[in-house]
Amino acid sequence: MTQRGALIARAAPVLACIGLLALWQVASLLLKNDSFPTAVEAIRAVPAILGDKEALINILASLRRMAVGFGVAVAVSVPLGLLMGRSRQVQAFFNPLLMVIYPVPKAALMPIIMLWLGVGDIAKTLVIFLGVSLPVIYHSFEGAKAVEEKMVWSGAAMGLSAAQRLVRIVMPAALPEILTGCRTGLVLALITMITSEMIARQSGAGNILFNALDMGQYDTVFAMIIIVGAMGICLDAAFERVRARLVRWSEPQFDMPLSFS
Amino acid sequence: MIEIDRVSQVFQTSARSDHLALSDISLSVEEGAFVSILGPSGCGKSTLLYIVGGFVNPTSGIAKMKGKTITGPGPDRGPVFQEFALFPWKSVLGNVMYGPRQQGVRAVDAEAQSRALIEMVGLKGYENFYPKELSGGMKQRVALARTLAYHPEVLLMDEPFGALDAHTRTRLQNDLLNIWERDRKTVIFVTHSVDEAVFLSDKVVMMSRSPGRIRQIVDIELPRPRRRTELLLDPRYQKFVVDIERMFDDDDEAGPGA
């Protein structure tokens with residue numbers, strides 16, 4: 001790539017953001033709708049939210065539930081997905097179950113879960129857990145299924161037990177696929193976090209957003225959307241850095257393999 | 001060393017039909033022998049190797065290693081696959097050290113042994129490379145070193161050079177023979193190449209297919225150490241190759257077609 005090309009590639013995301021904000025500003029000025037504040041008004045409302053202690057406690061509570069829901073989901077889903085990929089019996093048992101759960105919007109379960117578990121942390125964390133689990137299970141399953149049998153046999157010949165082969169061969173071999181699932185799961189965690197708080201308002205980032213909506217504070221609504229969006233982008237970027245580091249060995253590279261027999 | 005006693009293998013291809021991959025195979029392999037199993041694709045030669053490896057259980061019959069019935073894989077039998085099957089998340093050194101570490105060899109010792117093996121297979125300087133950075137021939141060298149590292153008594157080689165270009169293949173055949181000359185480990189080598197089998201082996205087990213049976217066993221009485229360039233001019237070598245090819249041709253004419 002030329003130096004100029006590299007510069008353009010680096011500036012592109014910033015330019016895209018500025019372009020989007022400009023478009024928003026113009027559209028808002030043209031439409032003159034009370035419920036559609038300008039980009040400048042929304043951005044101006046951001047510091048007020050971030051400077052408010054109550055709001056910060058709410059946002060941190062959201063992040064904590066998200067972290068717990070995501071963490072528990074990954075801890076449960078990865079082993080389950082890997083087992084499904086390696087054992088026909090486990091697959092036969094769980095596959096129909098997952099096929100039923102898969103298309104159900106997890107937030108739609110929120111009213112029932114609230115009925116059983118109340119509107120507190122447990123109910124909301126459970127919804128996040130459900131939202132994250134499926135993509136992680138699915139990708140772990142696909143990853144484990146695609147592991148080359150001969151690789152597992154090579155481990156068996158070295159004396160690895162079935163459990164050791166699952167943890168020390170199938171899991172690392174499937175890691176790129178597992179992490180792809182986790183990345184989808186992370187975004188879904190954010191989405192289910194907000195929707196759960198929309199339904200069970202009590203605390204959290206979703207609570208601020210939808211309360212402001214009820215009170216007609218539209219600049220706060222849009223400021224919260226910006227904040228949640230920025231959180232999502234930061235989390236995804238951080239995760240992507242970790243992911244790229246962990247699976248460097250699997251990334252295709254552009255230079256040719258060494259030509260030598 | 002290895003006794004295969006009336007082994008048959010049936011694969012269920014669909015709910016109603018079965019495929020007889022191996023029919024009533026009996027074979028014994030002596031310690032220190034280099035034995036090739038030669039046959040067309042689909043004759044079950046790899047399946048036979050997997051049974052010895054303990055990766056596949058025979059439908060009937062038994063395979064024994066040193067008098068003990070084989071029930072599963074073990075470090076006394078080391079496979080080398082056509083697909084290399086390296087651990088892609090491990091470096092060359094990490095791959096070769098994996099077996100010794102699994103067997104409880106101390107890290108320092110495992111590393112020293114592995115480095116020596118990597119040098120022996122001609123990959124000194126590539127210890128920290130990842131498999132994706134290597135060519136096919138280099139990958140197979142790593143796979144061989146990885147298997148040799150845990151000192152199996154028998155090497156089970158499943159068309160190991162089948163995925164390589166002709167030039168690389170020749171080099172690896174030569175290097176394999178040189179390495180084999182040092183300790184004369186028992187080797188079972190599956191291939192569909194007649195000259196590869198004759199060049200490498202003490203004994204060539206010819207198989208025919210549908211169902212997979214042993215067609216004939218040919219003793220390759222050629223002196224060792226063998227040099228490829230000398231052998232190619234040797235009329236005895238040429239005769240083995242031609243005789244074996246003729247036998248396969250006869251099968252094709254008499255049989256249901258290739």
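Since the model is a prediction, treat every value here as computed from it, not as a measurement.

### Notes on a negative patch on the surface
All names here are of chain B. Together, Asp195, Glu245, Asp249, Asp250, Asp252 and Glu253 line one region of the surface with negative charge. Per element, the largest residue contribution to the negative patch is five residues, and it comes from helix 8 (residues 235-254). Here Glu245 shows up in helix 8.

### A look at the packing of aromatic side chains
Counting across every chain of the model gives 15 aromatic pairs over all chains. Measuring from ring centre to ring centre gives 6.0 Å for A:Trp153 and B:Phe81, while their planes differ by 50°; the resulting arrangement is tilted. Linking A:Trp153 in helix 7 (residues 149-157) with B:Phe81 in strand 6 (residues 77-81), this pair reaches from one chain into another. The exposure classification of A:Trp153 matches that of B:Phe81, with both residues buried. Aromatic side chains B:Phe34 and B:Trp180 sit 5.5 Å apart centroid to centroid with 75° between the ring planes, which places their arrangement in the edge-to-face category. In this pair, B:Phe34 is assigned in strand 3 (residues 34-38) and B:Trp180 in helix 5 (residues 166-183), connecting sequence segments 146 residues apart.

### Section: the domain arrangement of chain B
All names here are of chain B. Examined at the domain level, chain B breaks down into domain 1 (2-76 + 154-254) and domain 2 (83-151). Computed from C-alpha atoms alone, the centre-to-centre distance between domain 1 and domain 2 is 25 Å. With 14 residues of domain 1 in contact, the opposing surface of domain 2 contributes 13 residues. Summing both partners gives a buried area of about 1100 Å² for domain 1 against domain 2, and 70% of it is carried by carbon and sulfur. Together, Pro75, Leu172 and Ile179 form the three largest contributors to the area buried by domain 1 at its contact with domain 2, with a combined 39%. Put simply, domain 1 and domain 2 have one salt bridge between them.

Conventions and cut-offs
- Residues numbered from 1 in each chain as written.
- Chains lettered and ligands numbered in written order.
- Predicted model: local features only at pLDDT ≥ 70, side-chain atom pairs only at ≥ 80, totals over all residues.
- Heavy atoms only, no water.
- Patch = residues over 30% accessible without salt bridge, like charges linked within 9 Å, V, L, I, M, F, W, Y side chains within 5 Å.
- Areas by Shrake-Rupley, 256 points an atom, 1.4 Å probe, with all protein chains shown as cover.
- Salt bridge = Lys/Arg side-chain N within 4 Å of Asp/Glu carboxyl O.
- Lys, Arg positive; Asp, Glu negative; His and termini not counted.
- Charge placed at Lys NZ, Arg CZ, Asp CG, Glu CD.
- Helix = DSSP H or I, 4+ residues; strand = E, 2+ residues; numbered from the N terminus.
- Phe/Tyr/Trp six-rings, centres within 6.5 Å; stacked < 30°, edge-to-face > 60°.
- Buried < 20%, exposed > 50% of the residue type's maximum accessible area, 1.4 Å probe, protein only.
- Domains from an automatic or database assignment.
- Contact = heavy atoms within 4.5 Å.
- Buried area = accessible area lost by both parts, 1.4 Å probe.

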